[in-house]
Amino acid sequence: MSRILLIDDEEEMRRSSAQALELFGMEVDTFASAEPVLERVGYSFDGVVVSDIRMPGMDGMTLLQRVRELDAEIPVILLTGHADVQLAVTAMRAGVYDFLEKPFTAQHLAGIIRRAMDRRGLVLENRRLRAVAGKRDDIEARLPGRTQVMVDLRYSLRAIGATDADTLVIGETGVGKEVVARALHDISARADRPLIAINCAALPENLIESELFGHEAGAFPGAIRPRYGKFEHARGGTILLDEIGSMPFDLQAKFLRVLQERVISRLGSNEVVPLDVRFIATSKVDLEAEVAAGRFRADLLYRLNVATLHVPSLAQRRADIPLLFLQLVREASARYGRADMEVPHDVIAEVASRNWPGNVRELRNAADRLVLGLDPQRDEAQSEPQRLADKVAAYERSVIASALAAHAGRIRPVYEMLGISRKTLYEKMQKYDLDKKMPFTDDDYAA
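Computed from a predicted model, the values in this text were never measured in an experiment. (Residues numbered from 1 in each chain as written. Predicted model: local features only at pLDDT ≥ 70, side-chain atom pairs only at ≥ 80, totals over all residues. Heavy atoms only, no water.)

## Remarks on the overall build of the chain
Using the following cut-off: Every helix listed is a DSSP run of H or I at least four residues long, and every strand listed is a run of E at least two residues long, numbered separately from the N terminus. Relative accessibility thresholds used throughout: buried, under 20% of the residue-type maximum; exposed, over 50%; partly exposed, between the two (1.4 Å probe, protein chains only). The accessible surface values rely on the Shrake-Rupley method and a 1.4 Å probe; as for residues, cover is taken only from the protein chains in view.
Per the secondary structure count, the chain includes 19 helices and 14 strands. The buried share of the chain, reckoned over its 447 residues, is 47%. Accessible surface, the chain: about 22,300 Å² in total, of which carbon and sulfur atoms supply 50%.

Shown next, in the form of structure tokens:
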């Protein structure tokens, strides 16, 4: 059964809405705040998000943006008690499925949800059929790239994803380690269970054990009632340990026991609680070097890296940068409600020639700035509407220009990648006034 995630900070509204929807045969999970919902949604999420707009902490508009970053085709329905036309227009441009003003009837809301569920079902079925037909699937959409390192990463991810093997994901800052982790979860048998992300570098030092293992009432001053820890909250699902190298050394021994025995004990209790979870850890540092320096336990490293995935930096996949940038520009246009833009070839060449120490995260920021008109490379002058033939030609020109930039002006890999003959490539370069001697760096020629 498809699931509805209902978020409202008002308890009475939350309870009454959930009860009304359940009378229509719908399965509803309720939340008082938006943050936990992000642990439940992803590419395999078979359901709908229904959220109030005005809430403390993360509001409904921010939740909409975060959900769309995870999967732009998850239906999000926003509720508001304040009639605001401008807010409704903003929400529609941001990609909301529907916008409903309070008070509303349960029948009206249920009807919108049913239509949203039908749409989500079609999206997931189309993705499944594309994968069966051997076409570009969700993994390639989330981790695009034609370089061999990316092909190998996707192959390994698919092989590991269907198993319950604990996995270590290694890569520089900004390469997409969390994207890889979420993809592993989404193609596993645990996809319909929670993915609980834990930032090991941000754990509160005085409450680490309570945060992870939970506690019983009276376990320490201020523990008024019992509380599940994050490990127990993830039962049946996946735990993502972000930057495992930052985990305090004295906690590593306790975590090793959890990995080995798959049991935990809450603070203040001797009762052992079985733990059915899969662990995925990420690290931007060399953990073997950390072991040598005495900051990380060797036995924990060897127990954790049953399977290891190395996410390449952009410096290791320079040929992917132009096409990746174009994809990020398209995603940014959709996210900000802007029309698709044609990226000038000189901008693509400049992007391909730059070093990106912040990797995909930095490249995404550059794409966002371009779409928002904050990039000086963008020509702000708006041209007259173009004919279809002109738009097709402009797109073809940008693809060829990006391929030339990616391969530092080397002709053979360009026409092989594009699937055309050398003669055809030269004809198109002449037609579009493209020169293989474009502004490349020394690094491009050495790649």
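## Considering the pairing of strand 6 (residues 167–170)
A regular strand places its side chains so that they alternate between the two faces of the sheet. Counted only if it meets this: Should DSSP find at least two bridges between two strands, the strands are taken to pair.
As paired strands, strand 6 and strand 13 (residues 278–283) are joined by 4 bridges and run parallel to one another. Within strand 13, the residue paired with Thr167 across the bridge is Ile280. With 4 bridges joining them, strand 6 and strand 14 (residues 307–310) adopt parallel strand pairing. Of the residues in strand 14, the one forming a bridge with Leu168 is Thr308.

## A closer look at the pairing of strand 3 (residues 47–52)
Rules: When the strands point away from the viewer, a crossover counts as right-handed if the route from the first strand across the helix to the second turns clockwise.
Counting buried positions along strand 3 yields 6 of 6 residues, so the element is predominantly enclosed. The alternating pattern of strand 3 places Gly47, Val49 and Ser51 and Val48, Val50 and Asp52 on opposite faces, both of which are buried. Examined bridge by bridge, strand 1 (residues 3–7) and strand 3 share 5 bridges and lie parallel to one another. Bridge assignment links Leu5 to a residue of strand 3, and that residue is Val49. Across 4 bridges, strand 3 lies against strand 4 (residues 76–80) in parallel orientation. Counterpart to Val50 in the pairing with strand 4 is Ile77. The parallel pair strand 3 and strand 4, bridged by helix 2 (residues 60–70), forms a crossover whose chirality is right-handed.

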